[in-house]
Amino acid sequence: MRPDTSTDVLRYAAFTPEGSGADGGNPAGIVLDAAGLDPDRMLALAAEVGYSETAFVTARDEAGRRFRVRYFSPLVEVPFCGHATVATAVALAEREGPGEFVFDTPAGEIPVSTTADPDGTVRATLTSVPTRSRPATPDETAPALAALRWAEADLDPELPPHVAFGGAEHLVLAVASRARLADLAYDFDGLADVMRQHGWTTLQLVWREAPDLFHARDPFPVGGVVEDPATGAAAAAFGGYLRTLGLVREPMTLTVRQGEDMGRPSELLVDVDPTDPRVRVTGRARPIGDPR
């Protein structure tokens, strides 16, 4: 892959858990000055970078700490990406100072709060657009399960399939065992076709270890990526899913562990309030190669 020589691309890992070293989190590309790039160039650059998403800051109001951001996978533009939002906010905080930012995205306005740890690592908390969730139909669930090579009997009957939205739509499928989640060898082209038909960005595949602890995997074939190590937009949608099911009766923080089965452990903290349709997702981020 020939590196781009005309545009400065930063590379950060987002949702890195403490102690994960250089191998944790989900890599994101970041272009902090993309005002002169057209969509075709942004898409081409995202393909060159090769990560699941690259974020492009296309306009800025530095005094107001407000930025317009677009997100591209190697194949398509997506309306919102949580891990690239966290990565971009951390990169800006390292240059502009921690505090509050507002990102104007194709999905809507996303407030992001940033704070610095004593070791210099920056954490970002994004507030999603209002989430929503509805039961998936059999015509949606059946072809997705077939492409995953899973059976309906693999699912957790207490967590029914839903299509959830937190800036983008995701099919949520909860399995009854950790072993089933770990065994993921799906039909890449077949699942991509199903997802394109229904407009889903990822599948949010989860296993519940405890009421406030979930393990997740997120196939992303429509973006040209087999699996995402951390998916902030899906985590926001998942928080809304749990609220819709009535499983959040008071404000609570959920932990979503993702990327473990692909060797890139990630940790997403998800704050859900039963009275607020918005969901807050928190994670650390650091430049790729930084061991913090």
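Up top you'll find the structure we're talking about.
Presented here is an overview of the structure given in this document.

The rules we used
- Residues numbered from 1 in each chain as written.
- Predicted model: local features only at pLDDT ≥ 70, side-chain atom pairs only at ≥ 80, totals over all residues.
- Heavy atoms only, no water.
- Helix = DSSP H or I, 4+ residues; strand = E, 2+ residues; numbered from the N terminus.
- Rg over C-alpha atoms; globule rule 2.2 N^0.38 Å.
- Buried < 20%, exposed > 50% of the residue type's maximum accessible area, 1.4 Å probe, protein only.
- Contact = heavy atoms within 4.5 Å.
- Arc of directions from axis to C-beta.
- Salt bridge = Lys/Arg side-chain N within 4 Å of Asp/Glu carboxyl O.
- Pairing = 2+ DSSP bridges.
- Core = buried A, V, L, I, M, F, W, Y, C linked by side-chain atoms within 4.5 Å.

1. Some points on the overall build of the protein
So, step 1. Broken down by element type, the protein carries six helices and 17 strands.
So, step 2. For the protein, whose C-alpha radius of gyration is 18 Å, the value lies close to the compact-globule estimate of 19 Å for 292 residues.
So, step 3. Per-residue burial for the protein yields a buried fraction of 56% across its 292 residues.
So, step 4. Taking the intrachain contacts of the protein between residues at least 6 apart in sequence as the baseline, contacts between residues at least 24 apart amount to 65%.

2. Regarding helix α3 (residues 138-148)
Given 3.6 residues to a turn, an α-helix orients residues that are three or four positions apart in the same direction.
So, step 1. All of the buried residues along α3 are Glu 140, Thr 141, Ala 144, Leu 145, Ala 147 and Leu 148. All buried residues of α3 fall inside an arc of 160° around its axis, so they share one side. Away from the buried face of α3 by more than 90 degrees, exposed residues Pro 138, Asp 139 and Ala 146 are located.
So, step 2. Taken together, the buried residues of α3 touch β9 (132-135), β10 (162-165), β11 (169-175), α5 (188-198) and β12 (202-210).
So, step 3. Looking at the residues trailing α3, positive phi occurs at Arg 149, about 65°.

3. Digging into the environment of Gln 204
So, step 1. As for its position among the elements, Gln 204 is in strand β12.
So, step 2. Overall, the relative accessible area of 0% leaves Gln 204 in the buried class.
So, step 3. In the structure, Gln 204 is positioned 30 residues away from Ala 174 in sequence and 8.1 Å away in space, judged by C-alpha atoms.
So, step 4. When neighbours within four sequence positions are excluded, Gln 204 is seen to be in contact with Leu 171, Val 172, Leu 173, Ala 216, Arg 217, Asp 218, Ala 234, Ala 235 and Phe 238.

4. What about unusual backbone geometry?
So, step 1. Look at Arg 65: it is not a glycine, yet its phi comes out positive at around 55°.
So, step 2. Of note, Arg 149 is a non-glycine position whose phi angle comes to about 65°, a positive value.
So, step 3. If you trace the backbone, Arg 149 turns up in the loop between α3 and β10.
So, step 4. Under the relative-accessibility criterion, Arg 149 is labelled exposed at 52%.

5. Description of the pattern of salt bridges
So, step 1. Per the stated rule, a full pass over the model turns up 20 salt bridges.
So, step 2. The salt bridge involving Arg 134 is made with Glu 140; its shortest N-O contact spans 2.7 Å.
So, step 3. The class of Arg 134 is partly exposed, set by a relative accessible area of 34%.
So, step 4. Taking the relative accessible area as the measure of exposure, Glu 140 reaches 8% and is therefore buried.
So, step 5. Residues Arg 180 and Asp 154 are paired through a salt bridge, measuring 3.3 Å at the closest nitrogen-oxygen approach. Separated by 26 residues along the polypeptide, Arg 180 in helix α4 (residues 178-182) and Asp 154 in the loop between α3 and β10 bring together distant segments of the chain.

6. A closer look at the pairing of β12
So, step 1. Strand direction decides the pairing type here: β11 and β12, joined by six bridges, are parallel. Bridging from a neighbouring strand, Leu 171 pairs with Leu 203 of β12.
So, step 2. Judged from the five bridges that link them, β12 and strand β13 (residues 213-220) form a sheet pairing that is antiparallel. If you follow Trp 207 over to β13, its bridge partner there is His 215.
So, step 3. Between β12 and β13, which follow one another and run antiparallel, lie two residues.

7. Considering the nonpolar core
So, step 1. Core analysis: the biggest nonpolar cluster contains 81 residues, and Tyr 71, Phe 103, Leu 148 and Leu 203 have the highest contact counts within it.
So, step 2. In terms of residues, this core owes the most to one element, helix α2 (residues 82-96), which gives eight residues.
So, step 3. Setting aside anything within four residues of it in sequence, one finds Tyr 71 in contact with Glu 53, Thr 54, Ala 55, Glu 77, Val 78, Pro 79, Phe 80, Cys 81, Ala 84, Thr 85, Phe 103 and Thr 105.
So, step 4. Grouped together as the second largest cluster of nonpolar side chains are eleven residues, Val 9, Ala 34, Leu 37 and Leu 45 included.

Purely geometric numbers; function is a separate question.
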